[in-house]
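Here is what each chain is made of, one letter per residue.
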Amino acid sequence: MNEIVENAKEHFAKLVEEQLERVERMKKAADWTDYSKLKPIIIGLIGGDGIGPYITKHAQLILKFLLKDEVNRGAIELRVIEGLTIENRAKVMKAIPDDVLEEIKKCHVLLKGPTTTPRKGDKWPNIESANVTMRRELDLFANVRPVKVPELGIDWMFFRENTEGAYVLGSKGINITDDLSIDFKVITKQGSDRIIRLAFEYAAKNNINRVSVVTKANVVKATDGRFLAMAEEIAKEYPQVKWDDWYIDIATAKLVDPARQSDFKVFVAPNLYGDIITDEAAQIQGGVGTAGSANIGKEYSMFEAIHGSAPRMVEEGRAKYADPSSIIKAAALLLNHIGFVDKAKKLEMALDICATYEKKLVITGRDTGAKGEEYAKYIMETIQDPNLEDKWNSYQK
Ligand code: IPM
Ligand code: MG
């Protein structure tokens, strides 16, 4: 008994030390990258697993098209990064193989297809998620996920904390005995400050008068309690932005309440709650295949589809019917982030027209719908339409 307790204490002490070190690193964090000063801006392209390479190649073609001039004059480099596959990761038993991580760190921004996250009992070893590792390694603390459903008046922006919460020690819990397992959840002052501030900044900059903070601070008192207390403090610096606090359960319910859903605007939440409500929100928009996700840090940023690698689609021969919308939306978020606001806007308008207004092609994930390639071509033609903006505007009434 004593030995068991001693071992657990030792394990816990190590985690505390690691987290205290992480806090020190956050205190020293670099300034935001100024993309206008980089030449070239290196965009790393990562295919991922399962349907990843199938959908990512379409997003790559669209980026190549939209950035043709910049690539030609050396302002942008599009660099394919190989090796972030589950086969390779399983081989070296690492969430991200060292040589791949090294290549990734040479880029400034990344567009990443979904990567398989193994779990116990899979055919793959139960290694840590590549997503979670990349977010941690590159300190991509903000997971920014927009969701829009114009016909329901929904225009939401989610700021999900991306580097701590239930995730940071998600692979470092302890199976104390055959009967007892303990996991850990971590919230820091620095980690909360930076994500909450980003949400309030976004609201203030865009004249949005509402930020909703989502926690379960009534039950999870130390960590969620801290997150909420930080929000209270930071909100004082933004008197022009109204804010409210919600518990995750009722927030989840109200997202599907037709009487309330359009009142919400900006959300900020710790990692796991943000994970859950952003899938719910994406579903309201038309499915997780339709939402893009930006993982933003001060130095690096990574843009990805919000969904998983769907290995079953590949096994059943349906990969060619996978919806590339999410990763293409991620490409639009990337363009916007590195300063190509007009190109991003164009791509977003084309995505809106194809998915919501015109719907000449529909994707179902099966042979009852269009192939990803046909759909990507449809988007590409829509971008090239000289009347794109007028067309989009005509749908805005
Ligand atoms: C997401 C995904 C990931 C997460 C998985 C793949 C680890 O669900 O990006 O939301 O839980 O963060
Ligand atoms: Mg998720």
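In what follows, the accompanying structure is described. Just so you know, the residues in each chain are numbered from 1, in the order the chain's sequence is written. Here chains are named by letter from A upward and ligands by number from 1 upward, in the order in which they appear as written. Given that this is a predicted model, residues contribute local features only at a pLDDT of at least 70 and side-chain atom pairs are listed and counted only at 80 or more, while totals for whole chains, interfaces and linings are drawn from all residues. Here the side-chain values reflect all heavy atoms present in the structure, with hydrogen atoms and water set aside.

**Let's talk about helix H9 (residues 248-255)**
With a 1.4 Å probe rolled over the protein chains alone, any residue whose accessible area is under 20% of its type maximum counts as buried; one over 50% counts as exposed, and the rest are partly exposed. Starting at the N terminus, helices and strands are each numbered in turn, a helix being any DSSP run of H or I of at least four residues and a strand any DSSP run of E of at least two. Here H9 has its buried residues at Ile248, Ala251 and Leu255. For H9, the buried positions fall inside an angular range of 60° around the axis, keeping them on one side. Here, two residues are considered to be in contact whenever any of their heavy atoms come within 4.5 Å of each other. Close packing links the buried residues of H9 with strand E5 (154-161), strand E8 (211-215), strand E9 (243-247), strand E10 (266-269) and helix H10 (271-285). What the arc covers is the set of directions going from the helix axis to the C-beta atoms.

**Some words on the packing of helix H12 (residues 325-337) against helix H13 (residues 341-357)**
At a closest axis distance of 7 Å, the pairing of H12 and H13 adopts a crossing angle of 160°. Here H13 runs roughly antiparallel to H12, going by the angle between their axes. For the crossing formed where H12 meets H13, the hand is left-handed. Each of Ser325, Ile328, Lys329, Ala331, Ala332, Leu333, Leu335 and Asn336 in H12 lies in contact with H13, whose residues at this interface are Val341, Lys343, Ala344, Leu347, Glu348 and Leu351. Any residue that is not Ala, Val, Leu, Ile, Met, Phe, Trp, Tyr, Cys, Pro, Asp, Glu, Lys or Arg is counted as polar, Gly included; the first ten are nonpolar and the last four charged. Its residues placed into classes, the contact of H12 with H13 shows nine nonpolar, two polar and three charged. Here, axes are lines fitted to C-alpha atoms. For helices the fit covers the stretch in contact, and angles between N-to-C directions go from 0 to 180 degrees. Oblique is the label for any angle not under 35 degrees, not over 145, and not in the 65 to 115 range, which are roughly parallel, roughly antiparallel and roughly perpendicular in turn. We call a crossing left-handed when the near helix sits turned anticlockwise from the far one by less than a right angle, and right-handed when that turn is clockwise.

**Section: the pairing of strand E3 (residues 109-112)**
Both faces of E3 are covered, namely the face carrying Val109 and Leu111 and the face carrying Leu110 and Lys112. For strand E1 (residues 41-46) and E3, the ladder comprises four bridges, and the chain directions are parallel. The residue bridging Ile46 from the neighbouring strand is Lys112, located in E3. Inspection of the sheet shows E3 paired to strand E12 (residues 301-305) by four bridges, in the parallel sense. The residue bridging Leu111 from the neighbouring strand is Phe303, located in E12. Pairing between strands is defined by DSSP: at least two bridges between the two strands are required.

**Points about the site of ligand 1**
One heavy atom within 4 Å of a molecule or strand makes the whole residue count as near it. Thr117, Ser129, Asn131, Arg135, Arg145, Arg160, Tyr167 and Asp275 make up every residue found near ligand 1. Residues adjacent in sequence count toward polar contacts only when both atoms are side-chain atoms; beyond that, a polar contact is any pair of N or O atoms within 3.5 Å, and within protein one must be able to donate a hydrogen and the other to accept it. The separation between an oxygen atom of ligand 1 and a polar side-chain atom of Arg145 is 2.8 Å. Asp275 places a side-chain nitrogen or oxygen 2.8 Å from an oxygen atom of ligand 1. The accessible surface values rely on the Shrake-Rupley method and a 1.4 Å probe; as for residues, cover is taken only from the protein chains in view. Here ligand 1 loses 80% of its free accessible area of 320 Å² to cover by the protein chains.

Note that every value here comes from positions in space, so none of it alone points to a role or purpose.
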